[in-house]
Amino acid sequence: MQVRRITLRELHMDLVTPFETSYERMSMRRILLVEADVDGVTGWGECVVGETPFYAPETVETAVHILRDFLWPAIKGREFQSAADVWNLLSRVRGHSMAKGGLEAAVWDAESRMKNVPLWKLLGGTLQEIPCGVSIGIKQSLEDLVATVQKELACGYQRIKIKIKPGWDVTAAARVRESFPRIRLMVDANCAYTRSDFPLLQQLEAYYLMMIEQPLGWDDVYSHVELQKLLQTPICLDECIHTEEQAREALELGACRIVNIKLGRVGGYTVARRIHDLCQKRGVPVWCGGMLESGIGRAHNIALSTLPNFSLPGDVSASRRYWHEDIVEPEVTVTPQGTIRVPGGPGIGFTPRLDLIERLTVNEIRLT
Ligand code: OSB
Ligand code: MG
């Protein structure tokens, strides 16, 4: 098969509620979609780049540049057997995982539509219903936080993750744990701490957290090794893991006991599946992270989450938590048990709403 052309679209979408992390507050997203024509069949992917380089180095501008000037030329006119081969065609470009991941995902969607099978089956997925958690941003007050947790639990979500930062950590965890003694609770620091904060991070042990996600530097595996030695609570790495080799390093050194896998952060399904398999062999559970995706990226996260070692609830939740109107039909919904039922249709199993996509598009680039 060959990719005949790709179209990049940047959409502006307002979040239902602003989302605050240790590094920024977001109230809208610049969503970058990739539409790929593969032998006449259309597939869709999402580059999960941020508006800023504060989570990871890539932004919308870098992704468009790399896609247009390097990734498209690398794939244009090339014959390949399956979407699983796309990673090799793109691997000459170093880094830029989110740009690669969005393009690769579009080809996977197209291939599974071509074969008339659900993408999750083509990937080797086995779970037909995936467990869901939510990621709750930093709030104005502890009361606000508790009320938000309460609301999400009432929707059925199976685990609660709260964002922390210096000044909003031990007190926030303590208050939520006090209010909800038995829930599955975890925290995500997005790299906000350093080695001098080890005593503070040790205080979090008192709240029976499932894990502490990415407390230390985005490129600092070794400090996580040191911290994990001091903690009973498992560390989960997010920002530190961009490649299969980094995942192996982290597991080998004992930097974490759980891995968050995001398609964009690792450059697509090929590496995501390798990290999944590696963790599975070592008995390390994984879960699917989120990047405040539109329905397209969310549908891909659902497909990924069907692989058997995605045994912990992910940050894959209902469309309505993010958007007044999502760009796929039907929108993503969660059962009262806090699960998503995996769609049975071909490809990602959700249909892009072309009229709405067009309305929200602020920039369109066709590459042929
Ligand atoms: O660290 O997991 C993260 C959102 C944007 C960037 C990084 C992260 C997040 C989230 C939200 O935690 C997950 C979601 O609900 O999509
Ligand atoms: Mg995270």
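The following paragraphs examine the structure supplied in this document. This one's a predicted model, so the numbers in the text were calculated from it and none came from an experiment. (Residues numbered from 1 in each chain as written. Chains lettered and ligands numbered in written order. Predicted model: local features only at pLDDT ≥ 70, side-chain atom pairs only at ≥ 80, totals over all residues. Heavy atoms only, no water.)

## A word on the sheet that holds strand β15 (residues 361-367)
With respect to topology, four strands assemble into an open sheet ordered β3-β2-β1-β15, the strand pairing being antiparallel. Of all the strands in the sheet, just β3 (41-47) and β15 have a single pairing partner and so form its edges. For this sheet, the mean angle separating the axes of adjacent strands, direction not counted, is 20 degrees. One ladder, built from seven bridges, connects strand β2 (residues 25-38) with β3; its direction is antiparallel. Each residue of the ladder has a partner; that of Asp-37, found in β3, is Thr-42. On the sheet, helix α1 (residues 60-75) packs against β1 (3-20), β2, β3 and β15 and is oriented at approximately 160 degrees with respect to β1. Contacting β2 and β3, helix α12 (residues 295-304) runs over the sheet at an angle of about 95 degrees to β3. (Pairing = 2+ DSSP bridges. Helix = DSSP H or I, 4+ residues; strand = E, 2+ residues; numbered from the N terminus. Axes fitted to C-alpha atoms, helices over the stretch in contact; angles between N-to-C directions. Contact = heavy atoms within 4.5 Å.)

## What to know about helix α8 (residues 221-230)
Every buried residue belonging to α8 is among Val-221, Ser-223, His-224, Val-225, Leu-227 and Gln-228, and all of these are buried. Turning to α8, the residues buried within the fold contact α7 (198-203), β9 (235-237) and α9 (244-253). (Buried < 20%, exposed > 50% of the residue type's maximum accessible area, 1.4 Å probe, protein only.)

## Examining the coordination of the magnesium ion (ligand 2)
At the metal site, the magnesium ion (ligand 2) is ligated by Asp-188 (OD), Glu-213 (OE) and Asp-238 (OD), and these contacts range over 2.2 to 2.3 Å. Ordering the donors of the magnesium ion (ligand 2) by residue number gives the pattern D-x24-E-x24-D. Of this pair, Asp-188 sits in strand β7 (residues 185-188) while Asp-238 sits in the loop between β9 and α9, placing them 50 residues apart in sequence. Relative accessible area serves as the criterion here: at 0%, Asp-238 is assigned to the buried category. (Donors = N, O, S within 2.8 Å, 3.2 Å for Na, K, Ca; no water.)

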